[in-house]
Amino acid sequence: MPTAVVTGSGRGIGRAVAVRFAREGWNVVINAKRGREEAEETLRLVRGSGGDGVVALADVATREGCRNVITTVVERFGGLDVLVNNAGLGLYSLFLAADDRLIEKQHEVTLRSVIYCSQEAARVMKEGSIVNVASIAGIKPSVGLSIYSAAKAAVINLTQALAVELASRIRVNAVAPGVVKTKMGDSLLNLIGVGEEEFAKRYTLLERIVAPEDVAEVVWMLVKIPTITGQVVVVDSGQLLLG
C-alpha cells in the first residue's frame, strides 16, 4: 500500500487528511509533537476507515524531529509516497507587540517544519507528492497576523520553488484554507468576538465555515491528479473575495 506522512495530524485538518488517505487504503504516519491520546485517536479512525498507520511523536519544527518521522515511515513501511506538511501555529499579535519568542516560534513551526520535513522526505522519495497547508493569510494578510502571514507567504513561495526544483520526481502543491472549524479556527473567532454563524454570514460568500474534511478533499485531489504542480488552491467559502 502507498504511504503518507501527515504532520500535525493529532486533530483538525491533519486528522481529516489522515482519514481521507485511509479511506483509499493508504498507510498513514500520524505525527504530533505531544498529545499521544489525540494521535492514537487519529490512528483508530485511520484503521477504522480502511487504512493502517503508526504514530510518530516528534517536534517537526526541528531537523531531528523531521528526520525521526521520515525514518519511522521508511523503517515501518519501506518507503514514502506523499508528505503533507500540515503542522502550523497561529499566534495573534500586533506587529509592534510581537516579541522575539513569538516571532521565532511562529517561524519554527509554520515555516521551518515545511523546509526540514520536505528536505528529509525528498531524500528518500523515489517519486511522489508534497502538499503544504498554507493559508489565505499568506495571500492577503490581516491585522494581528503579520508574523503568521509572513510565514505562510513563505510557504507558498517555497511550494512554487520546490515544484520547479523537484519536478523530475516530486510534485509540490499547496492548499490555502480560510477560517476552518478547528480548535485554531475557534480561537480566532473568539479573539475577534464573533460566533461561527455570524462569521460565516458576514465574511464568506457561501455563508459557511470551511470544514477540515473540505481541506482534506483538496489535498487528496492534489495528490491524485498527476498534472498539477506548483499550484495553490484556496478553500475559504469565498472569504478572500470579500476582503
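In the block above lies the structure referred to throughout.
Residues numbered from 1 in each chain as written. Predicted model: local features only at pLDDT ≥ 70, side-chain atom pairs only at ≥ 80, totals over all residues. Heavy atoms only, no water.

**With respect to the overall build of the protein**
Then, number 1: Across its full length, the protein carries 8 helices and 7 strands.
Then, number 2: Judged by the C-alpha coordinates and their principal axes, the protein covers about 45 × 35 × 35 Å.
Then, number 3: Per-residue burial for the protein yields a buried fraction of 51% across its 243 residues.
Then, number 4: Only carbon and sulfur atoms are counted for the fraction: they give 52% of the accessible area of the protein, which is about 11,300 Å².
Then, number 5: Positive and negative charge centroids in the protein, built from 27 and 26 side chains respectively, lie 2 Å apart. (Helix = DSSP H or I, 4+ residues; strand = E, 2+ residues; numbered from the N terminus. Buried < 20%, exposed > 50% of the residue type's maximum accessible area, 1.4 Å probe, protein only. Areas by Shrake-Rupley, 256 points an atom, 1.4 Å probe, with all protein chains shown as cover. Lys, Arg positive; Asp, Glu negative; His and termini not counted. Charge placed at Lys NZ, Arg CZ, Asp CG, Glu CD.)

**Comments concerning the sheet that holds strand E4 (residues 82-85)**
Then, number 1: As summarised here, the arrangement of the 7 strands in space is E3-E2-E1-E4-E5-E6-E7, forming an open sheet in which the pairing is parallel. Where the open sheet ends on each side, the last strands, each with one partner, are strand E3 (52-57) and strand E7 (232-235). The mean inter-strand angle of the sheet, taken between neighbouring strand axes irrespective of direction, is 15°.
Then, number 2: Here E4 runs beside strand E5 (residues 128-133); their pairing, made up of 4 bridges, is parallel. In the strand pairing of E5, Asn 85 is matched with Asn 132.
Then, number 3: Against the sheet, helix H2 (residues 36-48) touches strand E2 (27-32) and E3, its axis set at about 165° to E3. (Pairing = 2+ DSSP bridges. Axes fitted to C-alpha atoms, helices over the stretch in contact; angles between N-to-C directions. Contact = heavy atoms within 4.5 Å.)

**Some thoughts on the pattern of salt bridges**
Should their charged atoms come close, side chains of opposite charge can pair.
Then, number 1: Counted by the stated rule, this structure contains 14 salt bridges.
Then, number 2: Note that Glu 41 is salt-bridged to Arg 44, the shortest N-O span being 2.7 Å. Of this pair, Glu 41 and Arg 44 both sit in helix H2, 3 residues apart, which is roughly one turn of the helix.
Then, number 3: Judged by relative accessible area, which is 51%, Arg 44 ranks as exposed.
Then, number 4: Residues Glu 198 and Arg 202 are paired through a salt bridge, measuring 2.9 Å at the closest nitrogen-oxygen approach. One end of the pair, Glu 198, and the other, Arg 202, are both in helix H7 (residues 196-203), 4 residues apart, so they sit about a helical turn from each other.
Then, number 5: Taking relative accessible area as the criterion, Glu 198 reaches 36% and is therefore assigned partly exposed.
Then, number 6: A single network of salt bridges, built from pairs that share partners, joins Arg 63, Arg 67, Glu 120 and Arg 123. (Salt bridge = Lys/Arg side-chain N within 4 Å of Asp/Glu carboxyl O.)

**Some points on unusual backbone geometry**
Then, number 1: For Glu 207, which is not a glycine, the phi torsion comes out positive at approximately 55°.
Then, number 2: Along the chain, the position of Glu 207 falls in the loop between H7 and helix H8 (212-224).
Then, number 3: For Ser 237, which is not glycine, the phi torsion reads 55° and is therefore positive.

**Comments concerning a nonpolar patch on the surface**
Then, number 1: On the surface, a cluster of nonpolar side chains totalling about 500 Å² of accessible area is made up of Tyr 92, Leu 94, Val 143, Leu 191 and Ile 192.
Then, number 2: Residue position: Val 143 is located in the loop between E5 and helix H5 (146-165).
Then, number 3: According to the relative accessible area criterion, Val 143 is exposed, its value standing at 68%. (Patch = residues over 30% accessible without salt bridge, like charges linked within 9 Å, V, L, I, M, F, W, Y side chains within 5 Å.)

**Looking at helix H1 (residues 12-22)**
Then, number 1: For H1, the tally of buried residues reaches 9 of 11 residues, placing the bulk of the element in the interior.
Then, number 2: Of the positions making up H1, those classed as buried are Ile 13, Gly 14, Ala 16, Val 17, Ala 18, Val 19, Arg 20, Phe 21 and Ala 22.
Then, number 3: On its buried face, H1 sits against strand E1 (3-6), E2, H2, E4, strand E6 (170-177) and H8.

**Overview of the side chain of Ser 135**
Then, number 1: With respect to the helices, strands and loops of the structure, Ser 135 is situated in the loop between E5 and H5.
Then, number 2: Within the structure, the side chain of Ser 135 is placed 3.0 Å from the backbone nitrogen of Ala 137, a separation counted as a polar contact.
Then, number 3: Ser 135 has contacts with Tyr 148, Lys 152, Ile 156, Val 175, Ala 176 and Pro 177, leaving out every residue within four places of it along the chain. (Polar contact = N/O pair within 3.5 Å; in protein donor to acceptor, adjacent residues only side chain to side chain.)

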